[in-house]
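# Structure assessment
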Amino acid sequence: MKKAVLYARVSTTKQSEQGVSIEAQLNQLKDYAAANGYQVVEEYIDRGESAKTSDRPAFQEMISDIKSDPDTYNAVLIHKTDRFARNREDSIVYKSLLRRDCNVDVISIKEDFGDGAVGKMVEGIMEVVAEFYSDNLAKEVEKGQYHIAKQGKAVGKAPLGYKIGEDGKYKIDQEKSKIVKRIFKKYINGQGTASIALDFNKHTHKFKDERNWSDMAIGTILKNEVYTGVFTWQDVRIENNHPAIISRDDFKLVQELLQKRKKKRSSKKYDAYLLQGVARCYECGGKMHRNFSSQKLASGKKKRYVYLRCTTYSKDRTCYVNHHRMKDIEEAVVQAIDKVSKGLIPLNDIEVAKTKQTDISAKYEGIKESLENIENRFDKQMEAFEAGVINLDQLKKYQKRLKQEKEELQNQAKELEGRLDNEIDKDLFIKKIKDAKDTLVNDNVSIQQKKNTLHSIVKEIKISKKQELIEIIYKF
Ligand SMILES: [Zn+2]
């Protein structure tokens, strides 16, 4: 069954005197819903003073509810468009945006444009208007969310461990709150965020299906004050708003531990390293990341090693132990680049990002299409202007924006045309590689800079322990 919300308001004193009371509006709306097969799921009503102010809290709450959960609703039923928004311009804007962004129809039961010529024109214009006012709705939604948040009610989804209760506030989700408690407990007992994530991702673990845990996700939960019963949203902050899952003392302790462990972790861990972002596991395609490990020497001293390791393996052990001494891999990569720079390898044997040409032509097609689309949009704006839906200033502003967009696309197209024609220029390629190599072996250059240089010539580097193989895919 189609689901609808009802919106009713008395917008002016004059209207209240005329006696189209809210009750009368609601009755007619309900009749309409019943006759047309709609199930009414919610009523939003702005009465008296609140209906006159620009706030219209119920209206904003409605827009916000629909926007945050568009699949639940099919239509908004209103009496006449002038009750839906302050004026006709507003009305058509909201109608357009609700339809485009949420696939929700606004039906004014006392005013039907129908399927005739006027109806068709209105449809066409609505598309243009929606584009014109996109950010307007975003602002309105934010206002509505603020109104909700001020009452300590959930805006959007509840965080893990909570559900949204009938009163709109968080209430404890008994099952999932156990996960939250467990995370805090483990952390307090000395386990790190990455290790907790790994635990939760293990196949045998009962939380396995919840989500793919990362140390970041664990960290986010540990830092979320919501679990102590505090509600925050932008600058709204309400203490004791909902039941706590974690005691304030435990939460405080965890924040101190987080600070301490952060300081303790060598800042080195966050330094850039040469192969950051380009190294991939040959077998599973996952990223490879830096990993530290230490070994006790016979003397009792610890020696630290730096490895490059498959992330998939680190995360849930579904790949094999594809790990390598960082130094070895870095050396091998620089050596390979050196060979290319000296022209020792025939160009045909070098993997020069093979997908390049097809990538470019697909992109080119896309740009061509967008350009055609822009012509269409120009026409639609004119229609909207001629029909009096947007005024001359708006038309000018909008057309200016489109013109800029068009010029930008034309420039991109031109650049791509040039590249489509060009075969790879061997000398140029070798020179680029040689320059890069000089930077890579220069001791006076920072790691960050070396990394950037490597990124400028290499698309990715596939590494396999099983096959003892390093495959470099160059960019051109
Ligand atoms: Zn792997």
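Residues numbered from 1 in each chain as written. Predicted model: local features only at pLDDT ≥ 70, side-chain atom pairs only at ≥ 80, totals over all residues.

Turning our attention to the pairing of strand E1 (residues 2-9). Where burial is concerned, most of E1 is hidden: 6 out of the 8 residues are buried. In this structure, E1 lies alongside strand E2 (residues 38-46), joined through 8 bridges in parallel fashion. Looking at the pairing, Lys 2 lines up with Tyr 38 of E2. Relative to strand E3 (residues 75-78), E1 is paired through 4 bridges, and the arrangement is parallel. Looking at the pairing, Val 5 lines up with Val 76 of E3. (Buried ≥ 20, exposed ≤ 12 C-beta atoms within 10 Å, placed from the backbone. Helix = DSSP H or I, 4+ residues; strand = E, 2+ residues; numbered from the N terminus. Pairing = 2+ DSSP bridges.)

Within the largest apolar cluster, 26 residues are counted, with the highest numbers of intra-cluster contacts made by Val 5, Leu 6, Tyr 7, Met 62, Val 76 and Leu 98. Elements that contribute at least two residues to this core include exactly E1, helix H2 (22-35), E2, helix H4 (57-68), E3 and helix H6 (88-102). Setting aside its immediate chain neighbours within four residues, Val 5 contacts Val 41, Glu 42, Tyr 44, Met 62, Tyr 73 and Val 76. If you look at the next biggest cluster of nonpolar residues, it comprises 24 residues, including Ile 329, Leu 454, Val 458 and Ile 463. (Core = buried A, V, L, I, M, F, W, Y, C linked by C-beta atoms within 7 Å. Contact = placed C-beta atoms within 7 Å.)

Attention shifts here to helix H17 (residues 426-440). Its 15 residues place the ends of H17 21 Å apart at the C-alpha level, agreeing with the 21 Å of an ideal helix rising 1.5 Å per residue. Residues Ile 433, Ala 436, Lys 437 and Leu 440 constitute the buried set of H17. Along H17, the residues classed as buried sweep out an arc of 105° about the axis, all on the same side. Facing away from the buried side of H17, by more than 90 degrees, are the exposed residues Asp 427, Leu 428 and Lys 431. On its buried face, H17 is in contact with helix H14 (326-341) and helix H18 (447-457). (Expected span 1.5 Å × (residues − 1). Arc of directions from axis to C-beta.)

This brings us to the sheet that holds strand E13 (residues 458-464). Reading across from one edge, E9-E13-E14 is the order of the 3 strands in this open sheet, with mixed pairing throughout. Each edge of the open sheet carries a strand with a single partner, namely strand E9 (279-281) and strand E14 (469-474). Between one strand and the next, the sheet's axes are offset by a mean angle of 25°, whatever the strand orientation. Pairing of E13 with E14, which is carried by 6 bridges, proceeds in the antiparallel orientation. From the neighbouring strand, Ile 463 faces E14, where its bridge partner is Ile 470. Along the sheet, H14 contacts E13 and E14; its crossing angle with E14, the most-contacted strand, is approximately 50°. (Axes fitted to C-alpha atoms, helices over the stretch in contact; angles between N-to-C directions.)

Let us look at H14. With 16 residues, H14 should cover 22 Å at 1.5 Å per step; its first-to-last C-alpha distance of 23 Å lies within 8% of that length. If you check which residues of H14 are buried, you get Met 326, Ile 329, Val 333, Ile 337, Val 340 and Ser 341. Buried residues of H14, seen end-on, are gathered within an arc of 115° and therefore sit on one face of the element. Opposite its buried face, H14 presents the exposed residues Lys 327, Asp 328, Glu 331 and Gln 335, each directed more than 90 degrees away.

What follows deals with the packing of helix H10 (residues 193-201) against helix H11 (residues 215-223). The geometry of H10 relative to H11 is characterised by a closest axis approach of 8 Å and an angle of 110° between their N-to-C directions. Compared by their axis directions, H10 and H11 come out roughly perpendicular. Here H10 runs over H11; the crossing is right-handed. When H10 is examined against H11, the residues Thr 193, Ala 194, Ile 196 and Ala 197 are found in contact with a partner set consisting of Asp 215, Ala 217, Ile 218 and Gly 219. Its residues assigned to classes, the contact of H10 with H11 shows 5 nonpolar, 2 polar and 1 charged. (Parallel < 35°, antiparallel > 145°, perpendicular 65-115°, else oblique. Left-handed = near helix turned anticlockwise from the far one by under 90°. Nonpolar A, V, L, I, M, F, W, Y, C, P; charged D, E, K, R; others polar.)

A word on the sheet that holds strand E12 (residues 323-325). Strand order in the open sheet made by the 3 strands is E10-E11-E12, with antiparallel pairing throughout. Of all strands in the sheet, those bounded by a partner on one side alone are strand E10 (288-296) and E12. In this sheet, adjacent strand axes meet at a mean angle of 35° when their direction is disregarded. As paired strands, strand E11 (residues 302-310) and E12 are joined by 3 bridges and run antiparallel to one another. By the bridge assignment, Leu 308 is partnered in E12 with His 324. Along the sheet, H14 contacts E10, E11 and E12; its crossing angle with E12, the most-contacted strand, is approximately 80°.

Tracing the sequence through the fold places Gln 151 in the loop between helix H8 (134-150) and strand E5 (162-164). According to the C-beta neighbour criterion, Gln 151 is partly exposed, with 13 such atoms within 10 Å. For the pair Gln 151 and Phe 231, spaced 80 residues apart in the sequence, the C-alpha separation amounts to 9.7 Å.

Close contact between H17 and H18 brings their axes to 9 Å; oriented N to C, the two are set at 160°. As far as their axial angle goes, H18 and H17 are roughly antiparallel. Note on packing geometry: the crossing formed by H17 with H18 is left-handed. For the pair H17 and H18, the contacting residues are Lys 432, Ile 433, Ala 436, Thr 439 and Leu 440 in the first and Lys 450, Thr 453, Leu 454, Ser 456 and Ile 457 in the second. Counted by class, the contact of H17 with H18 contains 5 nonpolar, 3 polar and 2 charged residues.

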